[in-house]
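# Structural features, examined
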Amino acid sequence: MRQTIAPRVRMIVLLFLAVTGALLAGAGPAAAHAALTGSDPAQGVVVDKAPTQVTLTFSETVSLNDDSLRVLDPKGARVDEGKPSHTGGTSYAVQLHSGLPDGTYTVTYQVVSADSHPVAGAYTFSIGSPSKTSVSVSDQTAGGGVVGRLYGFGRYLSYAGFIVMVGGAAFVLACWQRGSGVRALQRLVVSGWLTMTAATLFLLLLRGSYTSSGKVGAIFDLELLGQVLQTKTGAALVSRLLLLAAAALFIAVLFGAYDKREEEEKRDLTFGLAVGGTVVAAGLAASWAMAEHASTGLQPGIAMPVDILHLLAVASWLGGLAALLVALYRAPADRPVEAAAVHRFSQVAFGSVIALVATGVYQSWRQLGSWSAFTETGYGRLLLVKICLVAVLVGIAWISRRWTARLGDAAGVAGKAGAGEEAGAATEAGGAEDVGEEQAGKEHVTAPAGAGESKSAEGSKGAEGSKGAEGSKGAGGAQGAGGAQGAGDGGDARRAVQLARQRAAVDTAREKRLRDGDPHRLGLRRSVLAEAGVAVVLLAVTTALTSTEPGRTELEAAKAGSSSASSSSSDASDSTSGALTLDMAFDAGGADGKGVVSVDIDPARTGANEMHVYVTRPNGRGFDVPEVKVAFTLEAKNIGPLSVVPDHITTGHWAANGVQIPVAGEWKIAVTVRTSDIDQVTVFKNAQIG
């Protein structure tokens, strides 16, 4: 039996290792889920006057430490001072030394996005005129290198352990309660728990290095570990460990006290285990939902419950599939998985697929936002691969459902065949027992005969010899008889053991023939094995998706980069054209609270100016908001704020004529965008006017 199973098990293990190896070999730095959408000074710009601070704007809120934002002079020395600060919305700034000389300066940043992924990058700007710089920014690899690959592998193991543990336990409770006593299923669920626990501890150790230096030596840095425990991701990992302790108690009851109960006593315990297990499983799923994609961006209040439901549906389907595969291949011959249990799992899997499709459609819309993102972004292309794999998996599942239906139809025939085989085997075993008893009887007769002959011989010799000698010989004859009798008893015991082994072999062979002889069960085993193989690849792609920048963010970052380049070009040509364009990302929260506001000022000189304001969504489409206001402040001369309320022209477009700029200088241009009755944000940039 093990010789039949081993090649299939090896195939699944090799597939798992191949997919994991491909992921690790092709893994680069983890794609950031927060993107730099704006900066002041902008990338590549040449400014006449040294700025007092550097401001960076991201697509979502980020976490900072003392060294998150750094500004380096041409020689590589730091020219920033103080800690980075949050200036409002998704903008962050660091102050600079006063009186900076001309040259090219490098801005580096390394932060953690709201969905727990590290973000790193760098750009340059110049004061006066560009110069050579000795600063190298090629080491900005947050989330990459060996630590990044190890972290990705740990994430894969944690997902796999969760799916196997939750899905296997659900299969036992909902589909095959007799399976609680099957050793193979017990080992499967326990191995899932051990894998998830070990992976969670592994991720907790790696987290500090993963989000900072990326060095292997920093993995066991206790100071970094303390910082991790104070973050949202660290709290989620610790919560996961506490919930795994509760899961261990659940597993102990499921495979301990529950298995020993009678069928009637199991009913109440089944309900209690189902409720408790669902709560623990939902809590474990929430440890991902509250710290990753679903916790930030659009509609987090809806996205997090949807993400929890999605994870539970995945575990019920794929984890139950793994349990069914083990039951079909490794269940004892005297306790095979029944057709009714397979039917129940088929219904559970169908419901899980419906939940997966519904939640997956919502998640795809939320992370992509447009049809073009399917082909224009890495996230979209990976999502297409996942959709194709799910389609293949559903197709194989449909074949499995057909085998399941046939398995039900053939149950009666299989039962009759089993009864016939059992009767034949019993007759065969009975015949073997009679033969064994006959041989044993012969041995009992032989042993006393030998003893009699010995006694006769000794008696004859005793008659010829002295009386003492006769007594001695008589004693020797008695001893010989006892030895022969003992030898006969030892032979009986050995033959009884051999007979028991023969009976066990006959029973095992008979039960294996009954189980493997059913072509419908054999077809089901093969189709479930194929499903499990596709599921391994699907889980790998899903893990890669969680580490890939969502399509919405990628498109928004590309648009912001294009706008920034356009703004830099406009700033560089101010001396000739006089026009000024400023682009500022904003996030007021709530529905439709995120976008980009652009301010055009022409000719950007003292006196009257024409101003146009454009409000666009992250995908570049214009949209209306209840209110837009602009204020001009010249802090160097304590002038302002000079408020301007532009008139609404068309969708996403406001304008004002005769905007007066009294004196030349570096003006702070602040734009207030109100997206609802309660949601409002103010963003600003500094620009030279006049």
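Keep in mind that what you see is a predicted model, and the values were worked out from it rather than measured.

### Points about the overall build of the chain
What the chain contains, in helices and strands, is 16 helices and 18 strands. Relative to its 690 residues, the chain shows a buried fraction of 44%. Considering only residue pairs separated by 6 or more positions, the chain has 71% of its internal contacts joining residues 24 or more positions apart. When the accessible surface of the chain is split by element, carbon and sulfur atoms take 59% of a total near 32,700 Å².

### Quick word on a nonpolar patch on the surface
Together, Val-146, Leu-150, Phe-202 and Val-216 make up an exposed nonpolar region whose accessible area comes to about 310 Å². Take Val-216: it is sitting in the loop between helix H3 (183-210) and helix H4 (222-229).

### With respect to the packing of aromatic side chains
Inspection of every chain in the model, using the stated rule, returns nine aromatic pairs. Aromatic pair Tyr-151 and Tyr-210: ring centres 4.0 Å apart, planes at 5 degrees, arrangement stacked. Remark: Tyr-210 occurs in helix H3 and Tyr-151 occurs in helix H2 (residues 145-174); sequence separation between them is 59 residues. A cation over a ring is seen here: Arg-617 above Phe-623, with NZ or CZ 4.5 Å from the ring centre. Its guanidinium or amino end placed over the ring of Phe-684, Lys-668 lies 4.4 Å from that ring's centre, counting from NZ or CZ.

### Details of the pattern of salt bridges
Overall, the coordinates contain five salt bridges when judged by the stated rule. Ionic pairing is found between Asp-80 and Arg-78, a salt bridge with its closest N-O pair at 2.7 Å. Asp-80 gets classed as buried once you look at its relative accessible area, which sits at 9%. For Arg-78, a relative accessible area of 35% translates into the label partly exposed. We note a salt bridge from Glu-627 to Arg-674, for which the minimum N-O separation is 3.0 Å. Note that Glu-627 is positioned in strand E13 (residues 627-634) and Arg-674 in strand E17 (residues 665-674), a separation of 47 residues in sequence. If you follow the salt bridges from partner to partner, you end up with Asp-67, Arg-78 and Asp-80 in one network.

### Here we look at the sheet that holds strand E18 (residues 680-689)
Reading across the sheet, the four strands line up as E14-E13-E17-E18 and stay open at both edges, with antiparallel pairing between neighbours. Only two strands of the sheet have a single neighbouring strand rather than two, namely strand E14 (639-644) and E18. In this sheet, adjacent strand axes meet at a mean angle of 20 degrees when their direction is disregarded. Across ten bridges, the pairing between E17 and E18 is antiparallel. Paired with Thr-672 across the strands is Thr-682, a residue of E18.

### Examining the packing of H3 against H4
Where H3 meets H4, the axes come as close as 8 Å, and the angle between the chain directions of the two elements is 100 degrees. By the criterion of interaxial angle, the relationship of H3 to H4 is roughly perpendicular. Listed contacts from H4 to Leu-204, Arg-207, Gly-208 and Ser-209 of H3 are Leu-224, Leu-225, Val-228 and Leu-229. Among the residues making up the contact of H3 with H4, the classes are represented as five nonpolar, two polar and one charged.

### Section: the environment of Arg-552
Looking at the element boundaries, Arg-552 is found in helix H15 (residues 551-572). You can call Arg-552 partly exposed: its relative accessible area is 26%. Sequence spacing of Arg-552 and Trp-365 is 187 residues, and the spatial spacing of their C-alpha atoms is 9.4 Å.

### A look at helix H7 (residues 263-289)
Its 27 residues give H7 an end-to-end C-alpha distance of 38 Å, which sits within 8% of 39 Å, the value for a rise of 1.5 Å per residue. Of the residues making up H7, those classed as buried are Lys-266, Thr-270, Leu-273, Gly-277, Val-280, Ala-281, Leu-284, Ala-285, Ala-286, Ser-287, Trp-288 and Ala-289. Lining the buried residues of H7 we find H2, H3, helix H5 (232-254), helix H6 (257-260) and helix H8 (300-330).

### Let's talk about unusual backbone geometry
With an omega of 10 degrees, the peptide bond between Asp-602 and Pro-603 qualifies as cis. Between Gly-640 and Pro-641 the backbone carries a cis peptide bond, its omega angle lying at 10 degrees. In this structure, Pro-641 sits in strand E14. Although it is not a glycine, Asn-638 sits at a positive phi angle of roughly 55 degrees. Its location among the elements puts Asn-638 in the loop between E13 and E14. For Asn-638, a relative accessible area of 71% translates into the label exposed.

### Comments concerning the sheet that holds strand E1 (residues 36-40)
Across the sheet, four strands lie side by side as E1-E3-E7-E6; this open sheet has antiparallel pairing. The outermost strands of the open sheet, each flanked by one partner alone, are E1 and strand E6 (80-88). Going from strand to strand, the sheet's axes swing by 20 degrees on average, the running direction of each strand aside. Here five bridges tie E6 to strand E7 (residues 91-96), and the two strands are oriented antiparallel to one another. In the strand pairing of E7, Glu-81 is matched with Gln-95.

### Overview of H2
Helix length check: H2, at 30 residues, gives a terminal C-alpha distance of 43 Å against a target of 44 Å (1.5 Å per residue), a fit within 8%. Counting buried positions along H2 yields 21 of 30 residues, so the element is predominantly enclosed.

Cut-offs and rules
- Residues numbered from 1 in each chain as written.
- Predicted model: local features only at pLDDT ≥ 70, side-chain atom pairs only at ≥ 80, totals over all residues.
- Heavy atoms only, no water.
- Helix = DSSP H or I, 4+ residues; strand = E, 2+ residues; numbered from the N terminus.
- Buried < 20%, exposed > 50% of the residue type's maximum accessible area, 1.4 Å probe, protein only.
- Contact = heavy atoms within 4.5 Å.
- Areas by Shrake-Rupley, 256 points an atom, 1.4 Å probe, with all protein chains shown as cover.
- Patch = residues over 30% accessible without salt bridge, like charges linked within 9 Å, V, L, I, M, F, W, Y side chains within 5 Å.
- Salt bridge = Lys/Arg side-chain N within 4 Å of Asp/Glu carboxyl O.
- Phe/Tyr/Trp six-rings, centres within 6.5 Å; stacked < 30°, edge-to-face > 60°.
- Lys NZ or Arg CZ within 6 Å of the ring centre and 35° of its normal.
- Pairing = 2+ DSSP bridges.
- Axes fitted to C-alpha atoms, helices over the stretch in contact; angles between N-to-C directions.
- Parallel < 35°, antiparallel > 145°, perpendicular 65-115°, else oblique.
- Nonpolar A, V, L, I, M, F, W, Y, C, P; charged D, E, K, R; others polar.
- Expected span 1.5 Å × (residues − 1).

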